[in-house]
Structures are given as structure tokens and as C-alpha cells.
Amino acid sequence: MEATRQRPGGQVPVRVRDIPIVFLSYDEPWAERNWQDLVSMIPTALRVNGVEGLDACHKAAAEAAGTEWFITVDADTTVMPEFVELELPEWLFEPTLRPTWYSRNAVNGLVSGNGSLKLWPAEIVARMRSHEEAPDGTISIDHDIEAIEEGRTRRVQMPGCYSITDPARTAYHAFRAGLRECVYLAHILEAFLKEGRQGDERTAMLHRVISTWCTLGRHHPNGAWMMLGARMGARSVLEQTGWDIRKVNSYDWLEHFWNRNIHARFGAPGTTGLELKGRWNPRLLDAELRGQGVWLRDHSDLDIAELGPSESRLIVESDVMPAVRSANAVDSIARGFQTGVGVPQDGAVARTLFEEAAAMFHPSAFCNLGELWESDSAGSPDLERAEWFYAAATTLGNAFAPYRLARLIRAQGDLSTEEAARVRDLEKMGAERRGMPQHDPAAGGRT
């Protein structure tokens with residue numbers, strides 16, 4: 001019997017194999033082979049081909065599926081058989097959430113959101129206005145899920161990697177992939193730096209991911225082209241040259257840019273259009289790569305190295321770059337279920353997600369677990385567990401945990417001299433961490 005969850009508007013399948021899967025292709029020469037591989041695993045898979053515009057093609061995918069939820073697979077991506085056997089937790093099936101599973105890049109070994117598998121609520125796709133449909137004057141080079149309804153709609157990064165993406169099977173597609181991805185990543189990085197978020201967890205992750213795109217790949221037949229696109233994409237944003245980075249949303253513009261600025265310069269005599277087929281000037285390409293690398297090292301904090309093919313292959317094939325999953329993002333989703341913001345209030349789901357974030361040693365998750373166990377939202381209150389989690393959060397540096405631990409101890413009454421001293425020390429620690437008066441400013445607020 002099909003595992004389903006009853007929801008307004010119909011039933012929602014829980015198993016991946018029971019959810020409509022839509023394959024998205026545009027101009028990729030290898031798309032037919034990947035499509036046949038997918039159909040061999042999932043005969044009911046659907047395909048959307050040749051739709052101009054990333055916003056438009058996802059709306060076409062929603063129409064093809066005709067259901068409340070569907071999964072998309074990019075033409076660059078090969079799905080692992082284990083994915084279709086997954087059974088998904090029911091809490092994912094909320095119309096405000098867009099779950100994603102990382103994909104492993106076949107060129108640089110990076111496990112990230114590029115080429116990822118995505119579970120879409122049709123409601124989000126219908127309301128989405130991204131890429132070519134973004135409002136005038138806004139920069140949209142991603143699906144901008146969080147911007148659909150700020151504080152409510154959000155992407156959810158799921159554990160596990162169930163696909164491999166290889167966008168570098170021609171020189172042109174490799175360059176295009178690197179350029180688009182690093183324009184997008186560098187745009188986010190630049191915004192973070194302007195906001196003063198130099199020490200932020202996501203800022204560090206962006207530095208690592210951009211540096212990987214710019215550094216690894218010389219061992220791959222078209223890897224240098226992907227690296228060149230990545231370095232030029234990052235530089236175009238960080239140098240603020242004035243060209244409109246939204247142009248990377250247009251495949252027509254990208255093809256024109258390639259033909260005019262890349263192919264015309266690096267292509268060997270006799271090559272035309274998008275097909276270099278291995279015929280280019282390798283010395284000129286390497287010199288350009290190194291020149292772009294020098295600029296990025298001189299003008300940014302990116303860690304870009306010039307590795308030879310052997311070193312590049314060793315790093316990629318050693319699989320030493322695990323997925324970087326944000327504990328803060330998991331904690332944020334849990335907080336939504338705890339408070340009922342954007343999703344139904346559900347203490348049990350909140351606790352499960354807080355525990356997952358705590359397993360990644362996220363200080364706020366420990367504090368939030370303490371709050372759950374102190375209240376009745378996780379079931380029966382357990383003050384002993386609450387005290388343990390508040391103490392752990394305090395040790396890990398959370399700013400609010402000292403106040404809450406002090407409050408919990410004080411509430412027990414008849415404190416010993418040692419307990420009273422501990423309460424005073426905790427209140428002082430909380431004040432110092434927050435630079436605020438010695439009371440709990442976060443009562444009822446977000447941690």
C-alpha cells in the first residue's frame with residue numbers, strides 16, 4: 001500500500017519513488033543519455049526540454065507533474081539508485097519548505113547544492129518570480145525561495161548525497177557552469193562582507209566553495225574551462241566591473257559571451273561555435289587562468305592555488321571534501337516548528353531537528369532543546385534534561401543559555417550559598433556575552 005499523508009487538497013506521497021520526478025534539459029548534448037538512465041530507474045519520470053528561462057522551466061515542470069509536490073533532476077545530474085528508495089519524513093511536506101539533497105561534482109569533487117535534487121511544493125513554484133521573472137531592479141540568480149515570503153518560505157538542506165553532477169562534458173558547458181555558479185556564490189559573499197559578516201559560518205563556507213571551484217579541475221578534460229569560468233565569475237562580482245550579473249540567467253547571452261570573448265581568443269584555427277573538441281591553445285588558457293588567480297589572490301581572501309593535474313586528481317579522488325551542511329539552517333527550521341512560524345507548530349518535529357543541529361555542535365540548538373524540555377512542548381517537562389542542555393549551551397558559548405540556566409536554578413528555591421553564587425556568575429556571564437543588563441532579553445525570542 002502506498003505510504004501517503006493526508007493533506008488539504010489531496011494525498012502527499014512520502015516515498016521518493018511515489019513522487020513525480022521531472023527531468024529538466026535545455027541544450028546539453030548528453031541529456032538524452034542521462035534521461036534514459038533516469039527512466040531505466042523510474043519509468044514514470046517526466047521530462048521538460050528546451051524551455052527558455054529557469055523560472056519558466058520550473059513552472060513547466062510543475063504543470064507537467066500536476067501534483068502538489070514534485071522532484072526535479074537537472075540534465076547534468078545522474079541519480080543514485082538509493083535516492084528513489086528513500087522514505088521522507090512527513091514534516092517535509094509543507095507548502096513553505098523546499099527540501100534539497102546535495103550532489104557531488106564530478107570535476108572538483110565538491111558536495112554542494114550545485115546540480116542538487118530538489119523537492120518542490122507546487123505552491124512555491126507558482127508564487128516564485130526568480131531569474132528572468134524577477135521584479136525590475138532586483139538581482140535574482142537563484143530561485144530566491146526565502147524571498148517569496150520572508151520568514152516563512154525556506155529551503156531545507158537534507159542529509160546525504162544521492163547524485164553526481166557533471167556539467168563539464170564540453171568546454172563551453174564547463175565554462176558556463178563555472179561562470180554561473182561563481183557569479184551566484186560571489187554575489188552572496190559580497191553581500192555578507194558588506195553586512196560585516198566576516199566571521200559568519202556561511203561566509204566561511206562560501207570562501208571554501210568558491211575557492212574549490214577556482215582551484216580544482218586541471219585533471220579533467222574540460223576542467224580548466226570550468227575553473228576559468230569560475231575565476232572570471234568571482235572576479236566580475238568582486239571587482240564590480242559594472243556589467244549586469246543578471247545576464248548569466250540568459251543562455252543566449254552566455255553563448256554570445258563565449259563565442260565573442262572566449263572561443264575567439266582561445267580556440268585553435270578551424271574550430272567554430274561552441275565545439276572546441278579539445279582543440280585550443282593550452283598555454284594561452286593556462287596563462288589566463290594564472291592571471292585571473294593572481295587578481296583574486298591580491299584582491300580577496302579566497303584560497304586559490306595553482307595545482308597540476310596530478311595534485312588535482314589526488315584531492316578530488318580522495319573524496320576529502322564532505323558536504324558542508326549548515327547547523328544554523330537546521331536550527332532555524334526547528335525554531336519554525338517550535339514557534340509555528342511558516343509551518344505548523346510541532347514540538348516533536350522541533351526536538352528532532354534541534355537534536356540534529358546539536359549533533360553538529362550548534363550552541364543555539366542546545367539552548368533551544370533546554371527550552372523544549374523546560375516547557376511542555378516536547379511532551380512532559382524534564383527539568384534535569386533542560387538544565388543539562390542549558391549547561392552544554394553555556395559551555396559552547398551561547399549568549400542566552402547562562403540566563404536561562406540561572407533562571408532554572410533560581411526557580412528551584414532555597415538555594416545554597418554555592419548555588420546562589422553560581423546563579424550570580426551565570427547572570428554576569430550572560431550580560432557580558434550580550435553586552436546587556438543582567439536579565440534574559442531573549443525570553444520568548446529567538447536564540
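Remember, predicted model here, so these are calculated numbers, not experimental data.

Asker: What is the right way to read empty space enclosed by the protein from this model?
Answerer: Empty space among the atoms becomes visible once a probe the size of a water molecule is rolled across them. What the rule picks out here adds up to two cavities of 30 Å³ or more. A volume near 60 Å³ is recorded for the largest cavity. Lining the largest cavity are Trp91, Arg155, Val156, Gln157, Arg325, Ser326, Ala329, Val330, Ile333 and Leu353. Breaking the lining of the largest cavity down by element, the ones donating at least two residues are β9 (154–165) and α12 (327–339). Of the residues contributing to the lining of the largest cavity, the split by class is six nonpolar, two polar and two charged. Mapped onto the domain boundaries, the lining of the largest cavity takes at least three residues apiece from domain 1 (8–165) and domain 3 (327–443). Empty space within the second largest cavity amounts to approximately 40 Å³.

Asker: In this structure, what is going on with the side chain of Ser25? I would like to understand it.
Answerer: One can find Ser25 in strand β3 (residues 21–25). Taking the relative accessible area as the measure of exposure, Ser25 reaches 7% and is therefore buried. Here the side chain of Ser25 touches Arg47 through a polar contact of 3.1 Å, side chain to side chain.

Asker: Where do I start with the sheet that holds β3 in this structure?
Answerer: Either a parallel or an antiparallel arrangement is found when strands of a sheet pair, and the pairing is made through backbone hydrogen bonds. Taken together, the seven strands give an open sheet; going across it, the order is β4-β3-β5-β8-β7-β9-β6, and neighbouring strands pair in mixed fashion. Of all strands in the sheet, those bounded by a partner on one side alone are β4 (46–49) and β6 (77–79). Strand-to-strand twist across the sheet, computed as the mean angle between neighbouring axes with direction ignored, equals 40°. Bridge count for strand β7 (residues 97–105) against β9 is eight bridges, and the pairing is parallel. Along β9, the bridge assignment pairs Pro99 with Val156.

Asker: How should helix α14 (residues 363–374) be read in this particular structure?
Answerer: Residues that lie three or four places apart on an α-helix share one face, since the helix turns once every 3.6 residues. The end-to-end C-alpha distance of α14 is 17 Å, a good match for the 16 Å that 12 residues give at a rise of 1.5 Å each. A large share of α14 lies buried, amounting to nine of its 12 residues. Among the residues of α14, Ser364, Ala365, Phe366, Cys367, Asn368, Leu369, Gly370, Leu372 and Trp373 are the ones counted as buried. On the buried face of α14, the contacting elements are α12, α13 (347–359), α15 (383–395) and α16 (401–411).

Asker: What is the right way to look at the packing of α14 against α16 in this model?
Answerer: Two numbers describe a pair of packed helices, the interaxial angle and the distance between the axes. Here α14 crosses α16 at 25°, and the two axes come no closer than 10 Å. By the angle between their axes, α14 is roughly parallel relative to α16. You can see that α14 and α16 cross each other, and the crossing is left-handed. Residue-level inspection shows Cys367, Glu371 and Glu374 of α14 in contact with α16, the latter providing Ala401, Arg404, Arg407 and Leu408.

Asker: What is the right way to read the pairing of strand β8 (residues 111–121) from this model?
Answerer: The side chains of a regular strand alternate between both faces of the sheet. Judged by how many residues are buried, β8 sits mostly within the fold: 10 of 11 residues are covered. Of the pairings in the sheet, the one linking strand β5 (residues 69–74) to β8 comprises four bridges and is antiparallel in character. Residue pairing for β8: Trp69 is matched across the bridge by Pro121. Judged from the four bridges that link them, β7 and β8 form a sheet pairing that is antiparallel. Note that in β8 the partner of Thr100 across the bridge is Lys118.

Rules of the game
Residues numbered from 1 in each chain as written. Predicted model: local features only at pLDDT ≥ 70, side-chain atom pairs only at ≥ 80, totals over all residues. Heavy atoms only, no water. 1 Å grid on protein atoms, 1.4 Å probe; cavity = no way out; pocket = protein on both sides within 12 Å on 5 of 7 lines; lining within 4 Å. Points joined across faces, edges and corners; volume = space filled by probe spheres on them. Helix = DSSP H or I, 4+ residues; strand = E, 2+ residues; numbered from the N terminus. Nonpolar A, V, L, I, M, F, W, Y, C, P; charged D, E, K, R; others polar. Domains from an automatic or database assignment. Buried < 20%, exposed > 50% of the residue type's maximum accessible area, 1.4 Å probe, protein only. Polar contact = N/O pair within 3.5 Å; in protein donor to acceptor, adjacent residues only side chain to side chain. Pairing = 2+ DSSP bridges. Axes fitted to C-alpha atoms, helices over the stretch in contact; angles between N-to-C directions. Expected span 1.5 Å × (residues − 1). Contact = heavy atoms within 4.5 Å. Parallel < 35°, antiparallel > 145°, perpendicular 65-115°, else oblique. Left-handed = near helix turned anticlockwise from the far one by under 90°.

None of this, on its own, says anything about what the molecule does.
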